Amino acid sequence: MNAREAREAAAVHPPHIVLLDIMLPGGSGYELVPFFREYEHCRILMLTALNDAASKKASYSSGADDYITKPFDMFELIYKLRAVSRQLLSHMQVIQIGDMTLQTEEHLLHRGEKRAYLQPSQTRLLRKLYLAYLEHETYSEEPAAVPSKGEPDSTYMQISRLRKKIREVDSQTVLIESVYGKGYTLSIIDEE
C-alpha cells in the first residue's frame, strides 16, 4: 500500500520480482529501487501511469529493469513476468523447491542432512519442472505440464530417476506427477 509497508513485507518475504509504482503514499517508487536492489536476484518492473521520458529515464537510472505504463495489457505483463522468472531461475544457484534445496552448480539436492547428487540433465529437468510449476501457480488455471520429448522410454527413465532422488532426500512436500497425454508436472504440497 505504501513505501513503509513495502519495506516491511520485503523484510519478511525477500522478493525476487517487484512491481513498483512511482507515486506511492509515504514515498516515491524511485526511493525504493535501491532498497530492493539490495536483495540478490531481485528484478524491478515499474508499473505506473507516468508515461513521460523523464520518468522512464529516472526509473532506469535508479536501477529498474523494465517500465510498464498504465493502463497496461495484462497479457504483456504476464509475458514479461514469465520472461523475468525464466531469467532469474536460470541465474540462481540455490533454489528452494518445497522442503528441498537444489544447488544447481553442485547438482546437489538436499533436505536437512539428507543429500542426493543429480546428473546435470536431472538438474535441468527439475529446474524446468519448477519453472513450469511457478508459471502455473502465478499465471494459469491450466495444469502446468512439462511435455515428454524424445523417446517416451527415455523421458520416463529420467523422471523415474528424479523421483528416486526426491525420495532419497525424504521430501515431504514435492511430487512429480504424470499428466495423461501431456507430460509431467511438479506438485508442491503446502506444509501447513
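Heads up: the structure comes first, above all this text.
Residues numbered from 1 in each chain as written. Predicted model: local features only at pLDDT ≥ 70, side-chain atom pairs only at ≥ 80, totals over all residues. Heavy atoms only, no water.

A.B. asks: What is the right way to look at the environment of Arg115 in this model?
C.D. replies: With respect to the secondary-structure elements, Arg115 resides in strand β9 (residues 114-117). With 54 residues separating them along the chain, Arg115 and Val169 place their C-alpha atoms 5.6 Å apart. Once residues lying within four places of it in the same chain are set aside, the contact partners of Arg115 are Leu108, Leu109, His110, Glu168 and Val169. (Helix = DSSP H or I, 4+ residues; strand = E, 2+ residues; numbered from the N terminus. Contact = heavy atoms within 4.5 Å.)

A.B. asks: Help me out: how do you make sense of the packing of helix α1 (residues 3-12) against helix α2 (residues 29-37) in this one?
C.D. replies: When two helices pack together, their arrangement is given by the angle between their axes and by how far apart the axes lie. Contact pair α1 / α2: the axes reach a minimum separation of 11 Å and the direction vectors enclose 10°. Considering the angle they form, α1 stands roughly parallel to α2. Residue-level contacts link Ala3, Ala6, Arg7 and Ala10 of α1 to Glu31, Leu32, Phe35 and Phe36 of α2. In the contact of α1 with α2, the residues fall into six nonpolar, no polar and two charged. (Axes fitted to C-alpha atoms, helices over the stretch in contact; angles between N-to-C directions. Parallel < 35°, antiparallel > 145°, perpendicular 65-115°, else oblique. Nonpolar A, V, L, I, M, F, W, Y, C, P; charged D, E, K, R; others polar.)

A.B. asks: Hey, could you run me through the pairing of strand β6 (residues 94-97) in this one?
C.D. replies: Moving residue by residue along a regular strand, the side chains alternate between the two faces of the sheet. The alternating pattern of β6 places Ile95 and Ile97 on a buried face and Val94 and Gln96 on a face that is not buried. Both β6 and strand β7 (residues 100-103) contribute to a ladder of four bridges, which runs antiparallel. Directly across from Val94, in β7, lies its bridge partner Gln103. What sits between β6 and β7 in their antiparallel hairpin is a turn of two residues, with Gly98 showing a positive phi close to 60°. (Buried < 20%, exposed > 50% of the residue type's maximum accessible area, 1.4 Å probe, protein only. Pairing = 2+ DSSP bridges.)

A.B. asks: Before we go on, may I ask you to explain the nonpolar core in this structure?
C.D. replies: Generally speaking, nonpolar side chains in soluble globular proteins are found buried as a group. In this structure, Ile97, Leu109, Leu126, Leu129, Ile176 and Leu186 are the most contacted members of the largest nonpolar core, which totals 23 residues. Ala3, Leu32, Ile44 and Ala64 belong to the second largest nonpolar core, which has 14 residues in total. (Core = buried A, V, L, I, M, F, W, Y, C linked by side-chain atoms within 4.5 Å.)

A.B. asks: What is the right way to read the packing of aromatic side chains from this model?
C.D. replies: Centre distance and the angle of the planes are the two values used to describe a pair of aromatic rings. This structure, assessed with the given rule, holds four aromatic pairs. Judged by centre distance (6.4 Å) and plane angle (45°), the rings of Tyr60 and Tyr67 are tilted. Tyr60 sits in the partly exposed class, given a relative accessible area of 41%. Since its relative accessible area comes to 9%, Tyr67 is described here as buried. Following the ring pairs from residue to residue traces out a cluster consisting of Phe35, Phe36 and Tyr39. For Arg7, the ring lying beneath its charged end belongs to Phe35, and the centroid distance is 4.8 Å. (Phe/Tyr/Trp six-rings, centres within 6.5 Å; stacked < 30°, edge-to-face > 60°. Lys NZ or Arg CZ within 6 Å of the ring centre and 35° of its normal.)

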